[in-house]
Amino acid sequence: MGGKLGTIFARAGHDVVFSYARHQKKLERLARDAGANARAGTPREAAEESDVLLLAVHWSRLDDILSQTGPLSGKVILTCSLPLNAQNSELVIAHTMSGAEAVAKKVPKSKVVSAFNSIPSEVLFDVFDSRNRKDRPSMVYCGDDAASKKIAAKLIDDVGFDPVDAGPLRIARYTEPFALLVAQLAYDGREGPELAYRFERY
Ligand SMILES: NC(=O)c1ccc[n+]([C@@H]2O[C@H](COP(=O)([O-])OP(=O)(O)OC[C@H]3O[C@@H](n4cnc5c(N)ncnc54)[C@H](OP(=O)(O)O)[C@@H]3O)[C@@H](O)[C@H]2O)c1
């Protein structure tokens, strides 16, 4: 998710720092492929230099990444990370709490927006390539800070989705299980994971 979204953000004109992987060479390759707006850096550099941080790690890596970024107070954290167990089969946080809210609790004074978790990574470049179409796929997002949500909506739009404001961060209690439904359709279906969704109003 981080590699693909970072590449798309860079191609859409944003400055991007790729950070957090086991091999620095992977981050450098991603930055090279993403073009002139991208570079590789440490999590601390990414956190210090960026207005918006994309949290795109497995739930089991959350404490590790947060221990490497330095203070994140005041930062906009866009999280697509789902609170999944090691097998990626069950949400370990649900119903009365969400992963996004747990991140917000762990990082005092950060501005967490939950987005991009309800889409398989495999479809992202296709959505970006067809961003000029009229009926764009939807992307739900939620958060408590209006200014941060505006930034998230712009990034969602830049990728090629129609941003759907689902409300405050607590709504991630609904969007995170919904993301598992999308994953079920994407990965257990016969037609491949290049799947997006669209809400229609009548
Ligand atoms: N994939 C999807 O379609 C999708 C969709 C919706 C939501 N999500 C959620 O988005 C999050 C990211 O998913 P993903 O599929 O992008 O995961 P991923 O491919 O495993 O990428 C996570 C990043 O963490 C790095 N990483 C893993 N272990 C590390 C370690 N010990 N030290 C340093 N870096 C480490 C990985 O680098 P390496 O290359 O070294 O492993 C990679 O850069 C997850 O929470 C997932 O639930 C994913």
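Residues numbered from 1 in each chain as written. Predicted model: local features only at pLDDT ≥ 70, side-chain atom pairs only at ≥ 80, totals over all residues. Heavy atoms only, no water.

1. What to know about the packing of aromatic side chains
Basically, it comes down to this: For this analysis, a ring pair means two rings from Phe, Tyr or Trp (six-membered ring only for Trp) whose centres lie within 6.5 Å, classed as stacked if their planes differ by under 30 degrees, edge-to-face if by over 60, and tilted for the remaining angles. Labels follow the DSSP assignment, with helices taken as runs of H or I lasting at least four residues and strands as runs of E lasting at least two, numbered in each case from the N terminus. Each residue gets one of three labels from its accessible area relative to the maximum for its type: buried under 20%, exposed over 50%, partly exposed in between, using a 1.4 Å probe on protein chains only. A ring has a charge above it when a Lys NZ or an Arg CZ is no more than 6 Å from the ring centre and no more than 35 degrees off the ring normal.
Summed over the entire model, instances satisfying the criterion amount to five aromatic pairs. Here the aromatic rings of Phe178 and Tyr197 are separated by 5.0 Å at their centres, their planes lie at 85°, and the arrangement is edge-to-face. Remark: Tyr197 occurs in the segment after helix H8 (172–188) and Phe178 occurs in helix H8; sequence separation between them is 19 residues. Look at Phe178 and you get partly exposed, because its relative accessible area is 22%. Judged by its relative accessible area of 11%, Tyr197 falls in the buried class. Members of the aromatic cluster, each reached through a chain of ring pairs, are Phe9, Phe116 and Phe161. Arg131 extends its terminal NZ or CZ atom over the ring of Phe128, reaching a point 3.9 Å from the ring centre.

2. Here's the deal with the site of the ligand
The line we're drawing: In this text, near means that some heavy atom of the residue lies within 4 Å of the molecule or strand in question. Between N or O atoms, a polar contact is any pair within 3.5 Å; within protein, one atom must be a potential hydrogen donor and the other a potential acceptor, and residues adjacent in sequence are included only when both atoms are from side chains. Surface accessibility in these figures is a Shrake-Rupley result with a 1.4 Å probe; residues are shielded only by whichever protein chains are displayed.
Around the ligand, a shell composed of 18 residues is seen, among which Met1, Arg22, Lys26, Val57 and Ser121 lie nearest. Between the ligand and Met1 there is a distance of 2.7 Å, counted from an oxygen atom to a backbone nitrogen or oxygen. In this structure, an oxygen atom belonging to the ligand sits 2.7 Å away from a main-chain N or O atom of Val57. For the ligand, the protein covers 72% of the area, taking 880 Å² as the surface of the free molecule.

3. Some words on the pattern of salt bridges
Cut-off, in case you're wondering: The salt bridge definition used is simple: a Lys or Arg side-chain nitrogen within 4 Å of an Asp or Glu carboxyl oxygen.
Scanning the model with the defined rule gives 11 salt bridges in all. Between Arg39 and Glu49 there is a salt bridge, and its shortest N-O distance comes to 2.7 Å. Of this pair, Arg39 sits in strand E2 (residues 38–40) while Glu49 sits in helix H3 (residues 43–49), and the two are 10 residues apart along the sequence. A salt bridge links Arg198 to Asp135; its shortest N-O distance comes to 4.0 Å. Of this pair, Arg198 sits in the segment after H8 while Asp135 sits in the loop between helix H6 (124–129) and strand E6 (138–143), placing them 63 residues apart in sequence. Where salt bridges share partners, they join Arg39, Glu45 and Glu49 into one cluster.

4. Some remarks on the environment of Gly6
Positionally, Gly6 belongs in helix H1 (residues 2–11). When the C-alpha atoms of Gly6 and Ala38 are compared, they prove to be 8.1 Å apart, with 32 residues separating the residues in sequence.

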